[in-house]
Amino acid sequence: MPIKQLKIYCAGNALLDVTAFVENDFFNGTGIKPGSTNPVDDDTLGAVLKKLKNPLCLAGGGAANTAKVFSALGGTSFFAGSVGSDNNAANYIQDMKLSGVDTALQNQKGSTGVFCALIQSDGKRTIFVNSGVASALDSKAMPSVFFEAETILHVDGFLAASSGKFDALIRRALENGARISFDVGGKGIAIKNRDLFKKTIGQASWVFMNEDEYCALSEKSVDESLSDFSSGTQATLIVKRAEVGAVCFSGGNLVQSPVRKINPLDETGAGDAFAAGYLFAALSGASLPQCMRLANRVAEHVIQVPGMQFNRAILHNIAAEFL
């Protein structure tokens, strides 16, 4: 299938992704449990970053990662997010430009958000997150092109961390006829916003979530409830199930897509890359099984590189091979 010019608009938390490999004793005496996720303040984050040697720093955040991968696959992507008034903002802007993504970034007074993933030699992955001004994105100040009729707007659920911001963005999109792609973004945010997110699922065209996020929203397992949970919505629901693969429910059709057994180097951005691969295939007119296979293949590449330091040429070739 020849690849036509495809385009998506993305909106979400702008977080500088910091990735580093550390020794197993890195957290000794700190009270931090390796393998955990830790929301931290500016001082704690600064102390952690000072201890790192040669960290990889790239523009990130769920929707931004999806935009970057979509661009690498051969599409055109745009990203709207909120960055601070610090040096990290300049680094973020530069990396997005190098990634081929056009941005509509809002500068706020404060710190650019940071997502820090530290990977130990035994494979444990410890996360530090300081969201900074990321959730301050104002949909009213976003360019109208993000909301035009038939625009594909991919939205990161983490925007719901700021009261009213997420709902206002979805409302503006629907009022102007944009089609919504929704990535739930996290188990915790799903629990806190269950009713809002379930409403959004009923309004979206595509919904991406992992198994924990699905269970947080449905309060049941995937196997026993996906069909019932999908009733009443026109959305294509895609549930990522880690090493099991992924399952998709659309128009009464259930498609399961297994994955190859791969030991990941770093899982940062894998779900975001999956969404980019799926959307790229779907907008190309591919069948559900093709969409799932390309999404899994793209995610496979991303988990084998540190951070989101993926190879654009490899991803472009993967898309050409599948489509």
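Residues numbered from 1 in each chain as written. Predicted model: local features only at pLDDT ≥ 70, side-chain atom pairs only at ≥ 80, totals over all residues. Heavy atoms only, no water.

(A) Up close: helix α8 (residues 222–230). Looking at α8, one finds that the buried residues are V222, S225, L226, F229 and S230. One face of α8 carries all of its buried residues, which in axial projection span an arc of 130°. Set apart from the buried face of α8 by more than 90 degrees, the exposed residues are E224 and D228. In this fold, the buried residues of α8 make contact with α6 (194–201), β11 (206–210), α7 (211–218), β12 (236–240), β13 (246–250) and β14 (253–257). (Buried < 20%, exposed > 50% of the residue type's maximum accessible area, 1.4 Å probe, protein only. Helix = DSSP H or I, 4+ residues; strand = E, 2+ residues; numbered from the N terminus. Arc of directions from axis to C-beta. Contact = heavy atoms within 4.5 Å.)

(B) Just the sheet that holds β13, in detail. Here nine strands make up an open sheet; going across it, the order is β6-β5-β1-β9-β10-β11-β12-β13-β14 and the pairing mixed. Unpaired on one side and paired on the other, β6 (102–107) and β14 mark the two borders of the sheet. Sheet twist, expressed as the average angle between the axes of neighbouring strands with direction ignored, equals 15°. In terms of strand pairing, strand β1 (residues 7–11) meets strand β5 (residues 76–83) through five bridges, oriented parallel. Within β5, the position partnered with Y9 by the bridge is F78. Along the sheet, helix α2 (residues 62–73) makes contact with β1, β5 and β9 (152–156), crossing β5 at roughly 155°. The sheet strands contacting helix α9 (residues 270–283) are β1, β9, β10 (179–183), β11, β12 and β13, and the helix crosses β11 at an angle near 155°. (Pairing = 2+ DSSP bridges. Axes fitted to C-alpha atoms, helices over the stretch in contact; angles between N-to-C directions.)

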